[in-house]
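Architecture and fold: a report
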Amino acid sequence: MPNLLTATALTRSYLDGEREVSVLAGVDLSLNQGDMVAIVGASGSGKSTLLHILGGLDKADSGSLTVANLDVLALNAKALAQWRNENLGFVYQFHHLLGEFNAWENIAMPLLIAGQPAAHAKQRALELLDRVGLSHRAEHSPAQLSGGERQRVAIARALANRPKMVLADEPTGNLDEDTAAMIYNLMLSLNAEFGTTFVVVTHDHTLAAKLPRTLAMDHGLLVEARK
Ligand SMILES: Nc1ncnc2c1ncn2[C@@H]1O[C@H](COP(=O)(O)OP(=O)(O)OP(=O)(O)O)[C@@H](O)[C@H]1O
Ligand SMILES: [Mg+2]
């Protein structure tokens, strides 16, 4: 599989009063198209920080990041937003669905933002809902869905624009064990079907073990935890 992402020596620090706290101390990461990796690590170790940088939501202080042959750190805000919309999907711990829209409308949103015609966006949203097993919930608002159903809608939304890569930050942090396992199985089957690269942050080593590769954030570095 061709290379999708190369991160080299990424650093990020935050100011804590006068003190500079290093969170990422030189992260290297190489992913091929279709890879599926879990990132584990203690709370505060920098997992979300790294994911935000990989997704262009935050900038590294130094280092380089190339995704699909594009120098991400060189993009301006507008180009970055467009790049994200076209290439990436995000899934968060608390779904971040829009409460005033129903399930299919939430999934259609990234397509509408990308300028797709409404009828096409709806059709694609309904196909994706079917793919995550929620056709019967198309008209339900997020408040009318269970936690696991919301996360399945969030995953469908992340896939709407056929992204090369989905970045998921503790997508099951809020779910019971069985539902969490189901979400991981869903991500695995979507990966097999569409070749989408998944980077999944979790606290849970049992869930991480479901994915082919696990990396750990450790003292600001990303180390191979299991292959
Ligand atoms: N905007 C910010 N300003 C200052 N410090 C920050 C900021 N964002 C994160 N940090 C600090 O950076 C460190 C890493 O945070 P991060 O959110 O990446 O951790 P995490 O591994 O995702 O933790 P968790 O498992 O609890 O989600 C923490 O010590 C946090 O306090
Ligand atoms: Mg986090």
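Let me sum up the structure you'll find in this document. Being a predicted model, the structure only gives us computed values, none of them experimental.

Conventions used here
- Residues numbered from 1 in each chain as written.
- Chains lettered and ligands numbered in written order.
- Predicted model: local features only at pLDDT ≥ 70, side-chain atom pairs only at ≥ 80, totals over all residues.
- Heavy atoms only, no water.
- Helix = DSSP H or I, 4+ residues; strand = E, 2+ residues; numbered from the N terminus.
- Rg over C-alpha atoms; globule rule 2.2 N^0.38 Å.
- Buried < 20%, exposed > 50% of the residue type's maximum accessible area, 1.4 Å probe, protein only.
- Contact = heavy atoms within 4.5 Å.
- Areas by Shrake-Rupley, 256 points an atom, 1.4 Å probe, with all protein chains shown as cover.
- Lys, Arg positive; Asp, Glu negative; His and termini not counted.
- Charge placed at Lys NZ, Arg CZ, Asp CG, Glu CD.
- 1 Å grid on protein atoms, 1.4 Å probe; cavity = no way out; pocket = protein on both sides within 12 Å on 5 of 7 lines; lining within 4 Å.
- Points joined across faces, edges and corners; volume = space filled by probe spheres on them.
- Nonpolar A, V, L, I, M, F, W, Y, C, P; charged D, E, K, R; others polar.
- Core = buried A, V, L, I, M, F, W, Y, C linked by side-chain atoms within 4.5 Å.

1. As for the overall build of the protein chain
A tally of helices and strands in the protein chain yields 7 helices and 10 strands. The globule rule puts the C-alpha radius of gyration for 227 residues at 17 Å, and the 17 Å found for the protein chain is close to it. Along the three orthogonal principal directions, the C-alpha set of the protein chain runs to about 50 × 40 × 40 Å. Within the protein chain, the proportion of its 227 residues that are buried is 50%. Residue pairs in contact within the protein chain that sit at least 24 positions apart in sequence constitute 71% of those at least 6 positions apart. On the protein chain, roughly 10,600 Å² of surface is accessible, and the fraction owed to carbon and sulfur atoms is 52%. Charge separation in the protein chain, taken as the distance between the mean sites of 19 positive and 24 negative side-chain charges, equals 5 Å.

2. Observations concerning empty space enclosed by the protein
Tallying each qualifying case throughout the model produces 1 cavity of 30 Å³ or more. Roughly 40 Å³ of volume is contained in the largest cavity. Along the walls of the largest cavity sit Leu 51, His 52, Phe 90, Val 91, Tyr 92, Leu 167, Ala 168 and Asp 169, which together make up its complete lining. Among the elements that take part in the lining of the largest cavity, strand β7 (residues 165-169) stands out by supplying 3 residues, more than any other. Broken down by class, the residue content of the lining of the largest cavity amounts to 6 nonpolar, 1 polar and 1 charged.

3. Some words on the nonpolar core
Residues Ile 107, Leu 129, Val 153, Ile 155 and Met 187 are the most contacted members of the largest nonpolar core, which totals 40 residues. Only β3 (36-40), α3 (103-113), α4 (118-131), α5 (147-158), β7, α6 (177-194), β8 (197-201) and α7 (205-208) provide two or more residues apiece to this core. For this core, the leading source of residues is α6, giving 6 residues. Excluding residues within four positions of it along the chain, Val 153 makes contact with Leu 97, Ala 103, Asn 106, Ile 107, Leu 129, Leu 134 and Leu 145. Counting 31 residues, the second largest nonpolar core, distinct from the first, contains Leu 51, Ala 60, Trp 83 and Met 165.

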